[in-house]
Amino acid sequence: MKGLELAKAYYEEYGRPMIQEKFPKYAERIAVGLAGEGSECFGYDDELSRDHDFEAGFCLWLTEADADAIGFPLFRAYGKLPDEFMGVRKEKTSLFGGNRRGVMEISEFFGRMIGCPAVPENGQQWLSIPEYALAQAVNGQVFRDDLGEFSRIRDELKKGYPEDVRRKKIAARAALMAQAGQYNYSRCRKREEYGAAALAAAEFAKAGISMVFLLNNRYTPYYKWMLRAMGELPLLGDLRPSMEQLLTGGGDCSGLIEEICGRVVRELQRQGLTGGNWEYLEPHALAVTETIRDGELRNLHLMEG
């Protein structure tokens, strides 16, 4: 059984009755689900995942006012739920989200995930948040949220980056792909500095994977799930085998790099982000930058983002 299924089953078996019995006046105000850190929140867990941080449990998200009213009693009630469910232990928690499960304020959850208690307020805030952190804030599943406050913030984040922020990040990824893959990779190989070439290929791949997520207006997850998640995307997700070959194949991958860049250029053109036909990605980075309306974002360093 996957971690999300385990969490929901544990909630239905023990969590829902506990809430209804002990906190009936708040049953429609407590958001319940599983989201945040961990492969199970992305649905990527397997048998190997169970060697660390895998547990039976779920999250209970409260508004600040409700946390003041019932946070501690709810924390204690959650702690008294069975310590084991379907052969999986429930780890001990500390009050208000001391680890990945249990009772936590809504603002505390998002603050821990993205450094903001709710949706970022401006472009600079958006740019300061790691992509994997945003991916963690919107993964998993909400089992119940009658009040809707937790889901309101989550759904707003799920919409993806504001368009100017997305374009700034796309420009930065294009510039890095050009520098690392189209320029430095081949130069390193010509100098027979094959370790440096491998590092350049890795930088190119990391930027390229992020580019694919941005073109889908999705957040790139933590590095060990990047390729798997990329393969699920509707736009350019089929580039996953090319990225894997680049990272694992060895030999001269200059042609493969150019093929990937060509696919990215065509998608940039299709989305109206560039009108140029250059093979080199840096002019496209500059072209995308010119479409950014927010002057502060537009004037940042090309690779900032």
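Thresholds applied
- Residues numbered from 1 in each chain as written.
- Predicted model: local features only at pLDDT ≥ 70, side-chain atom pairs only at ≥ 80, totals over all residues.
- Heavy atoms only, no water.
- Bend = angle between axes of the 7 residues up to and from the residue.
- Helix = DSSP H or I, 4+ residues; strand = E, 2+ residues; numbered from the N terminus.
- Buried < 20%, exposed > 50% of the residue type's maximum accessible area, 1.4 Å probe, protein only.
- UniProt positions renumbered as here; feature names shortened; annotations may be inferred.
- Patch = residues over 30% accessible without salt bridge, like charges linked within 9 Å, V, L, I, M, F, W, Y side chains within 5 Å.
- Areas by Shrake-Rupley, 256 points an atom, 1.4 Å probe, with all protein chains shown as cover.
- Salt bridge = Lys/Arg side-chain N within 4 Å of Asp/Glu carboxyl O.
- Pairing = 2+ DSSP bridges.
- Axes fitted to C-alpha atoms, helices over the stretch in contact; angles between N-to-C directions.
- Contact = heavy atoms within 4.5 Å.
- Arc of directions from axis to C-beta.

1. A few points about helix H1 (residues 3-22)
The sharpest bend along H1 reaches about 45 degrees and sits at Glu12. Buried residues of H1: Gly3, Leu4, Leu6, Ala7, Tyr10, Tyr11, Gly15, Met18 and Ile19, and no others.

2. So, the UniProt feature "domain: DUF4037" (unreviewed entry) in the protein
When the UniProt feature table is mapped to this numbering, "domain: DUF4037" (unreviewed entry) covers residues 126-226. Annotation note: span residues 126-226, helix share 73%, strand share 4%, distance between end C-alpha atoms 20 Å.

3. A closer look at a nonpolar patch on the surface
On the surface, Tyr132, Tyr222 and Tyr223 cluster together into a nonpolar patch covering about 340 Å² of accessible area. Locating Tyr223 in the fold gives a position in helix H10 (residues 223-230). For Tyr223, a relative accessible area of 57% translates into the label exposed.

4. Remarks on the sheet that holds strand E5 (residues 102-105)
Strand order across the open sheet formed by four strands is E5-E2-E1-E6, with mixed pairing between neighbours. Here the strands that pair on one side only, and so sit at the sheet edges, are E5 and strand E6 (141-144). Taking each pair of neighbouring strands and ignoring which way they run, the sheet shows an average axis angle of 35 degrees. Two elements, strand E1 (residues 31-34) and E6, share three bridges in a ladder whose sense is antiparallel. Bridge assignment links Gly33 to a residue of E6, and that residue is Val142. Strand contacts of helix H7 (residues 149-158): E1, strand E2 (59-62) and E6, with the helix running at about 160 degrees to E6, the strand carrying the most contacts.

5. Looking at helix H11 (residues 240-248)
Those residues of H11 not exposed but buried are Ser242, Met243 and Leu246. Each buried residue of H11 sits inside an arc of 100 degrees when the element is viewed along its axis, so together they form one side. Residues Pro241 and Thr248 are exposed on H11 and point more than 90 degrees away from its buried face. Buried residues belonging to H11 abut helix H9 (194-215), H10 and helix H12 (254-270). Gly250 occupies a position one or two residues after H11 and carries a positive phi of about 75 degrees.

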